[in-house]
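Tertiary structure, described
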Amino acid sequence: MRVGSLKGPTTMGLVNLMEETEDGDTQGDYTFTMETQPDAIASEIVSGDLDVALLPANMASIVYNKTQGGISVIDINTLGVLYCVTGDDSIKSVADLAGHTVYSTGQGATPEYALNYLLEKNGVTDCTIEFRSEATEIAAALAADPTAIAILPQPFVTVAEMQNDQLHTAFSLTDAWDAVSDDGSRLLTGVTVVRNDYLNAHKDAVDLFLQESAASVDKANSSIPETASLVVKYGIIEKEPVAEKALPECQLVCVTGQEMKDSLSGYLNVLYNANAESVGGNLPGDDFYYVPDESAAS
């Protein structure tokens, strides 16, 4: 099985499986490819050069539409990794952003749509969002003025806070989403997809991968120092102290079945309502969601 993933939180849950594969300690037979850009992974799954890919949730929908239903999503691997960071102690919730300027990345992408959704749900109409192209630019703005307010993803949150002790996490956008969601949707970062021609030919291998990746995620969340060293080994984060502090905040999960479908379909619906092109023009059909046999998922 050829597995592709992104340099970032979505791969952090896999590093234990990657290590076990190197050591010959897995039941499944895997090769891993890691890219820095989502487009690269997406093009490799479309071309058939990958069998399984860990993608941003909205990009999975885009690929589904592009391939006319040629892929299925098998799990959610990362919940939301966006946090509000500031040195302003008065900011504790989305509602507190009223009347403030907030720095964020992701204009025309998931961070913008998620933040707008949360502002709307909290009745905030006078928050100004200033977009920057890179998280490093926002970190520099926070360093210059710790009272500034920013939305940052992990592990940039951890890096910024370790470099400036005046900064702290005011709230998690994932928690803020959970507080206002009434449809079972959740704020998501990454999902795992499989090419349907591979799934149809190797269903047992896909179910086994789900089991082994779930075990890898469990280990990432429970054996943090050991996992942090692997995160550095595979070049995802440069320094172990940063990796060790960031890991618990990266929302690494392996959510499958109906819970996956409810969480992901609701999230994609929010994005679709904000900008249909953000999910590829159309919402995926039910065939997008792979619900394995209960015996395989347990």
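Residues take numbers from 1 onward in each chain, read along the sequence in its written order. Given that this is a predicted model, residues contribute local features only at a pLDDT of at least 70 and side-chain atom pairs are listed and counted only at 80 or more, while totals for whole chains, interfaces and linings are drawn from all residues. Processing note: side-chain calculations cover all non-hydrogen atoms of the structure and skip hydrogens and water entirely.

**Quick notes on the sheet that holds strand β4 (residues 71–79)**
- Pairing is mixed in the open sheet, where 6 strands are placed in the order β2-β1-β3-β10-β4-β11. This sheet does not close on itself; its edge strands, each paired only once, are β2 (31–35) and β11 (252–255). Across the sheet, the axes of successive neighbouring strands diverge by a mean angle of 25°, strand direction being ignored.
- DSSP-based pairing: two strands are paired if at least 2 bridges between them are found. Numbering of helices and strands runs from the N terminus, with a helix taken as a DSSP run of H or I at least four residues long and a strand as a DSSP run of E at least two residues long. Taken together, the 5 bridges between strand β3 (residues 52–56) and strand β10 (residues 188–195) define a ladder with antiparallel strand orientation. Residue pairing for β10: L55 is matched across the bridge by V191.
- Contacts are assigned to residue pairs that have any heavy atoms within 4.5 Å of one another. Here, axes are lines fitted to C-alpha atoms. For helices the fit covers the stretch in contact, and angles between N-to-C directions go from 0 to 180 degrees. Contacts between helix α4 (residues 57–66) and the sheet are confined to β3, β4 and β10, with β3 contributing the most and set at about 120° to the helix.

**Remarks on a negative patch on the surface**
- Distance thresholds for patches are 9 Å for like charges and 5 Å for nonpolar side chains (Val, Leu, Ile, Met, Phe, Trp, Tyr), applied to residues having over 30% relative accessible area and no salt bridge. For accessible areas, the Shrake-Rupley method is used with a probe of radius 1.4 Å. Any residue's cover is judged against the shown protein chains and nothing else. What makes a salt bridge here is a side-chain nitrogen of Lys or Arg within 4 Å of a carboxyl oxygen of Asp or Glu, nothing more. Charge counting treats Lys and Arg as positive and Asp and Glu as negative, with His and both chain ends excluded. For this purpose, a charge sits on NZ of Lys, CZ of Arg, CG of Asp or CD of Glu. A cluster of like negative charges, contributed by D182, D183, E259 and D262, occupies part of the molecular surface.
- Here D183 shows up in the loop between α8 (173–180) and β10.

**Some details on the pattern of salt bridges**
- On inspection of all chains with the given rule, the structure shows 9 salt bridges.
- The salt bridge partner of R132 is E130, with a shortest N-O separation of 3.3 Å.
- Note on R132: relative accessible area 29%, which makes it partly exposed.
- The residue D178 makes a salt bridge to R186 at a minimum N-O spacing of 2.7 Å.
- Through salt bridges with shared partners, a single ionic network connects R2, D51, R195 and D197. The rule is simple: take the accessible area with a 1.4 Å probe, protein chains only, and divide by the maximum for that residue type; under 20% is buried, over 50% is exposed, in between is partly exposed.

**Section: the nonpolar core**
- With 55 residues, the main nonpolar core has I76, L97, F171, L264, Y267 and F288 as its most contacted residues.
- The contacts of L264, once residues within four sequence positions are left out, are A57, V73, I76, L188, V191, F288 and Y289.
- Nonpolar cores are built from buried Ala, Val, Leu, Ile, Met, Phe, Trp, Tyr and Cys residues. Side-chain atoms within 4.5 Å join them into one set. Of all hydrophobic cores here, the second largest spans 34 residues; its members include V15, L208, A220 and L252.

**Looking at the environment of T21**
- Residue position: T21 is located in helix α2 (residues 15–22).
- Placed 75 residues apart in sequence, T21 and D96 show a C-alpha to C-alpha distance of 47 Å.
- The residues contacting T21, other than those within four sequence positions of it, are T26, Y30 and F32.
- Whenever two N or O atoms come within 3.5 Å, that pair is a polar contact, provided that in protein one can donate a hydrogen and the other can accept it, and provided that, for residues adjacent in sequence, both atoms are side-chain atoms. Among the polar contacts made by the side chain of T21, one reaches the main-chain carbonyl oxygen of L17 at a distance of 2.8 Å.

**Some words on the confidence of the model for the protein chain**
- Scored between 0 and 100, pLDDT is the confidence that the predictor attaches to each residue. Scored by pLDDT, the protein chain comes out at a mean of 94, with 98% of its residues at no less than 70.
- Within the protein chain, helix α9 (residues 196–201) carries the highest mean pLDDT (98), whereas helix α14 (residues 294–297) carries the lowest (44).

**Structural notes on the sheet that holds strand β6 (residues 101–104)**
- Across the sheet, 5 strands lie side by side as β7-β6-β8-β5-β9; this open sheet has mixed pairing. The open sheet has two free edges, formed respectively by β7 (128–131) and β9 (168–172), since each of these has just one partner strand. Each neighbouring strand pair of the sheet contributes to a mean axis angle of 30°, computed without reference to strand direction.
- Bridging between strand β5 (residues 82–86) and β9 involves 4 bridges; their strand directions are antiparallel. Bridge pairing in β9 places C84 opposite F171.
- Across the sheet, helix α5 (residues 110–121) touches β5, β6, β7 and β8 (149–153), and the angle it forms with β7 is around 170°.
- The strands touched by α8 are β5, β8 and β9; relative to β9, the strand with the most contacts, the crossing angle is about 25°.

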